[in-house]
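# Observations on the three-dimensional arrangement
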Amino acid sequence: MQSFIKLGKLSGLTLILLFTIMMVLAGCNAAQNNTDKEKEEQTSTGAKESKGRVIKHEMGETVIKNTPKKIVTLELSFVDSLNTLGMTPLGIADDNKKDMIAKLVGSDIDYTSVGTREQPSLEVISSLQPDLIIADVERHSAIYKDLQQIAPTIVLKSRESTYQENLDSFKTIAETLGQAETAEKRLSEHEKIINEINSKLNLDTNLTVLPAVVRDTSFQAHTTSSYDGELLEKLGLKVAIQDEQPYVEMSLEQLVEINPDVLLLANNEGKLLTDEWKDNPLWKDLKAVKNDQIYSVDRDLWTRFRGIISAEAIAKDTLTKLNEK
Amino acid sequence: MNTKQKLLLNRNFHPNLVLLVLLIIILILSIVSLGLGAIYITPSEIIRNFIGEETQSQRFILNNYRLPRIIIAIIVGAGLATAGAILQGILRNPLASPDVIGVTKGAGLAAVIIIVLFPSSPIIFLPLSAFIGAAIIATILMLFVYKKGAQPNTLALVGIALGAICQAGIEYFMIKFPDNVNSTLLWLTGSLWARGWEHVYILLPCLILIPLLIGLTSKLDILSLGDDIATSLGERSKFLRYILLSVAVILIGVCVATVGSIGFIGLIAPHIARRIVGSKFKVLLPASALVGAALLLVADSLGRGLFPPLEIPAGIITAVIGAPYFLYLLRSERKKA
């Protein structure tokens, strides 16, 4: 019996302690919630007064007042889009790779890294006090609410987006920044550039092209519905795999069966699966190997960046590589 | 008996004093943690912010990001550690942990399915499905064990088997959908990134369950004497084991649903606690809870503060701390045997 009383005392004590902490913390929260609500009301009434533009995006509608200047981008294609419109972001989710951003923009630009695209640092984003955040629907839907609390946020398709979806995202960004007309002009110019390269490419139209990402343990073919596949088709090339899935993992046997005429390989950093394949008689039997039609292309440019400028760079890259012979 | 010796060795401190010290440590850690992150905030600035002399942007960061994360770290750490201590007690196996009985793996499989197959589903689906996954595995576990009378060994073995099946499923999805591996791995490691007040509300059941478990501790002490003695002391050991197991499983389910399957806390926190206060459950349980809370708090603060603005998921830090300690445990267990 005595032990029971003791026990009661002890667990009672811990209980009380735990609850006091929680109550104190909960108190802080309640106070914060109120100020948040006030803030929200202020911004919403403010928006009505100045009649901002209503931008439709993947997660709903966002009211944009004035012209945003301090922009944070959480995916690479958005950096390209801003660059196309002659702007640079204040903060970029750059995975801590400044070189990659320099390559994307074409020069060193001044910006603050907000961490990885997968887990951007909300703290840094909020400290930058941006007036617009552009986020990706796949990666950042879960933090849309948090981002909205910091600044007006638009959520667009970027990661895994198709060529057409990417152009649509560009249009939305331009609209958000009040540059819809500039964007229209730039888009028709873009179309001209792509068509021009299409006509310059003197590859036999019956030949098949296969873009693929090579990693240490995988060979991932890109199909007609992948970003680069779709772009290659726009250039008048025939992508070897027609499929609704953008990416297909392949073995050497499967590759031999498809036997594309041209291989465009975006090699990952480090060891590659194709190095192992090179000694295999099957590999040597590939048409692309026999005719020396294997080209390595930049992994970042071809499979990571996406965007108007990047698409044009890919097109030019294809032209110089395939017209070499 | 070994445990008895240890018990005697370790009873130097008054348990309440130990608990109080642990509580103070958590409070200090919380204050330090508030300052750490991509934007460093000095302790004096923190205090100024809380007494009202606020800097707007700092206050925003403190209230929206750091405070909820600290609360979540404390609750989840305490929850996993309590559940781990109970499992070790019920299974009478010092190496038991939430992972061993397959529940975390069940939650993991459900979460992976949602991430991979339904990437555009509403955000709330992820914790919900994780919890359902945990619940399904727990139910299967109970059904299997029911026939055998809830024997500790059966529980552990069935749990490990179920866990292995779920693990196979997880790996299948990761190989089949390599493009989602990043987000899947992130969830499986467990991270407190971008967790906010809404997640604190999900964790509210833990605030009832943890004290409830601590209240049931006298029973655990009886159970640990063995089924025969427990029965002769008038306890329905099978029934008791069920109740305790269910509560522990719900606790694990809720915690894992909110932050992903953070490992090692449930395994090592009870052991550290046992070294400090001995193995009587009525002290061990609250001590484990506090140690677990402190551990996860440290892990999350380090993850946030080491390489800003990059964040290291808390699950990786707990693994880095936990794995060597686990090896050390295995060694000392072998020595004892």
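Residues numbered from 1 in each chain as written. Chains lettered and ligands numbered in written order. Predicted model: local features only at pLDDT ≥ 70, side-chain atom pairs only at ≥ 80, totals over all residues.

## A look at the overall build of chain B
For chain B, the count of helices and strands is 16 helices and zero strands. A compact globule built from 337 residues would reach a C-alpha radius of gyration of about 20 Å, and chain B, at 20 Å, matches this within 12%. In terms of principal-axis extent, the alpha carbons of chain B reach across some 65 × 55 × 35 Å. Out of the 337 residues belonging to chain B, those deemed buried represent 50%. Contacts spanning at least 24 positions in sequence make up 77% of the contacts within chain B whose residues lie at least 6 apart. (Helix = DSSP H or I, 4+ residues; strand = E, 2+ residues; numbered from the N terminus. Rg over C-alpha atoms; globule rule 2.2 N^0.38 Å. Buried ≥ 20, exposed ≤ 12 C-beta atoms within 10 Å, placed from the backbone. Contact = placed C-beta atoms within 7 Å.)

## A word on the domain arrangement of chain A
All names here are of chain A. According to the domain assignment, chain A consists of domain 1 (53-178) and domain 2 (193-322). Each partner contributes residues to the interface: domain 1 has 16 residues there, and domain 2 has 14 residues. Of all the elements in the fold, those that place two or more residues in the side of domain 1 that touches domain 2 are α2 (76-84), α3 (98-105) and α7 (163-176). No other element matches α2, which puts six residues into the side of domain 1 that touches domain 2. Residue composition of the side of domain 1 that touches domain 2, grouped by class: five nonpolar, eight polar and three charged. (Domains from an automatic or database assignment. Nonpolar A, V, L, I, M, F, W, Y, C, P; charged D, E, K, R; others polar.)

## A word on the interface of chain A and chain B
Between chain A and chain B, the contact holds 39 residues from the first and 37 residues from the second. Going through the elements one at a time, α1 (2-50), α4 (122-128), α6 (144-150) and β11 (247-250) of chain A are the ones with two or more residues in the side of chain A that touches chain B. Sorting elements by how many residues they give to the side of chain A that touches chain B places α1 of chain A first, with 15 residues. Split into classes, the residues belonging to the side of chain A that touches chain B amount to 16 nonpolar, 17 polar and six charged.

## Digging into the nonpolar core
I134 of chain A together with A134, I252, A287 and L290 of chain B are the most contacted members of the largest nonpolar core, which totals 171 residues. With 21 residues, helix α4 (residues 56-91) of chain B is the single largest residue contributor to this core. If you count residues domain by domain, this core takes at least three from each of domain 1 (53-178) and domain 2 (193-322) of chain A. Apart from residues lying up to four places away in sequence, I252 of chain B is in contact with L80, A83, P98, V103, T104 and A134 of chain B. (Core = buried A, V, L, I, M, F, W, Y, C linked by C-beta atoms within 7 Å.)

## Overview of the pairing of strand β6 (residues 132-136) of chain A
Both faces of the sheet carry side chains from a regular strand, because those side chains alternate between them. Residue and element names in this part refer to chain A. Counting buried residues in β6 gives five out of five residues, a clear majority hidden from the surface. With burial as the criterion, each face of β6 is covered, one bearing L132, I134 and D136 and the other bearing I133 and A135. Where strand β3 (residues 71-73) and β6 come together, three bridges link them in parallel fashion. The partner of V72 across the bridge, within β6, is I133. Here β6 runs beside strand β7 (residues 153-156); their pairing, made up of four bridges, is parallel. Paired with I133 across the two strands is T153, which belongs to β7. (Pairing = 2+ DSSP bridges.)

## Description of the sheet that holds strand β5 (residues 112-113) of chain A
Residue and element names in this part refer to chain A. Judged by pairing direction, the sheet is parallel, and its five strands sit side by side in the order β5-β4-β3-β6-β7 without closing on themselves. Unpaired on one side and paired on the other, β5 and β7 mark the two borders of the sheet. Packed on one face of the sheet, α2 meets β3, β4 (91-92) and β6 and runs near 140° to β3. α7 contacts β6 and β7 of the sheet and is inclined by roughly 165° relative to β7. (Axes fitted to C-alpha atoms, helices over the stretch in contact; angles between N-to-C directions.)

## Let's talk about the environment of N259 of chain A
One can find N259 of chain A in the loop between α10 (252-258) and β12 (262-267). Placed 28 residues apart in sequence, N259 of chain A and K287 of chain A show a C-alpha to C-alpha distance of 6.3 Å.

## Let's talk about the confidence of the model for chain A
All names here are of chain A. This prediction gives chain A a mean pLDDT of 84; 84% of its residues lie at or above 70. Considering only residues more than four positions removed or in separate chains, one finds that residues 1-10, a stretch of pLDDT under 50, has seven contacts. Scored below 50 in pLDDT, residues 26-49 makes six contacts in the model with residues more than four places away or belonging to other chains. (pLDDT = per-residue confidence, 0-100.)

## Considerations on unusual backbone geometry
Backbone torsion omega between P308 of chain B and P309 of chain B reads 5°, so that peptide bond is classified as cis. Along the chain, P309 of chain B turns up in the loop between α15 (281-305) and α16 (314-336). In this model, Q129 of chain A sits at a positive phi of 45°, which is unusual for a non-glycine residue. Position of Q129 of chain A among the secondary structure elements: in the loop between α4 and β6. Overall, the presence of 14 C-beta atoms within 10 Å leaves Q129 of chain A in the partly exposed class. The phi dihedral of D292 of chain A is positive, around 55°, even though this residue is not glycine. Note that D292 of chain A resides in the loop between α13 (287-290) and β13 (294-297).

## Re helix α2 (residues 15-35) of chain B
Because the α-helix completes a turn every 3.6 residues, residues three or four places apart line up on one side. Residues and elements named next belong to chain B. Compared with the 30 Å implied by 1.5 Å per residue over 21 residues, the 31 Å span of α2 between its first and last C-alpha is a close match. If you check which residues of α2 are buried, you get P15, V18, L19, L22, I26, S30, S33 and L34. Down the axis of α2, the buried set is contained in an arc of 150°. They therefore lie on one face. What points out from α2, more than 90 degrees from its buried face, is the exposed set L17, I24, L27 and I28. Where α2 ends, the next residue or the one after it, G37, has phi of about 145°, a positive value. (Expected span 1.5 Å × (residues − 1). Arc of directions from axis to C-beta.)

## Observations regarding the environment of H199 of chain B
Residue and element names in this part refer to chain B. Tracing the backbone through its elements, the reader meets H199 in helix α9 (residues 197-202). In the structure, H199 is positioned 59 residues away from T258 in sequence and 6.4 Å away in space, judged by C-alpha atoms. If sequence neighbours within four positions are ignored, H199 has contacts with P68, I72 and T258.

## Focus on helix α8 (residues 181-189) of chain B
Looking only at α8 of chain B, the buried set comprises T184, W187, L188 and T189 of chain B. Residue G190 of chain B follows α8 of chain B closely and has a positive phi angle near 90°.

## Structural notes on the packing of helix α9 (residues 227-234) of chain A against helix α15 (residues 308-322) of chain A
Residue and element names in this part refer to chain A. The geometry of α9 relative to α15 is characterised by a closest axis approach of 11 Å and an angle of 60° between their N-to-C directions. Classified by the interaxial angle, the pair formed by α9 and α15 is oblique. Considering how the two elements wind past one another, α9 and α15 form a crossing that is right-handed. Contact residues: D228, L231 and L232 in α9; A311, I314, A315 and T318 in α15. Within the contact of α9 with α15, the residues separate by chemical class into five nonpolar, one polar and one charged. (Parallel < 35°, antiparallel > 145°, perpendicular 65-115°, else oblique. Left-handed = near helix turned anticlockwise from the far one by under 90°.)

## Considerations on the packing of helix α8 (residues 180-200) of chain A against α15 of chain A
All names here are of chain A. For the pair α8 and α15, the least separation of the axes is 10 Å and the interaxial angle reads 10°. When the interaxial angle is binned, α8 and α15 end up roughly parallel. Note on element contacts: α15 touches α8 through I308, E312, A315, K316 and L319, opposite R186, H190, I193, I194, I197 and K200. A per-class count over the contact of α8 with α15 returns six nonpolar, one polar and four charged.

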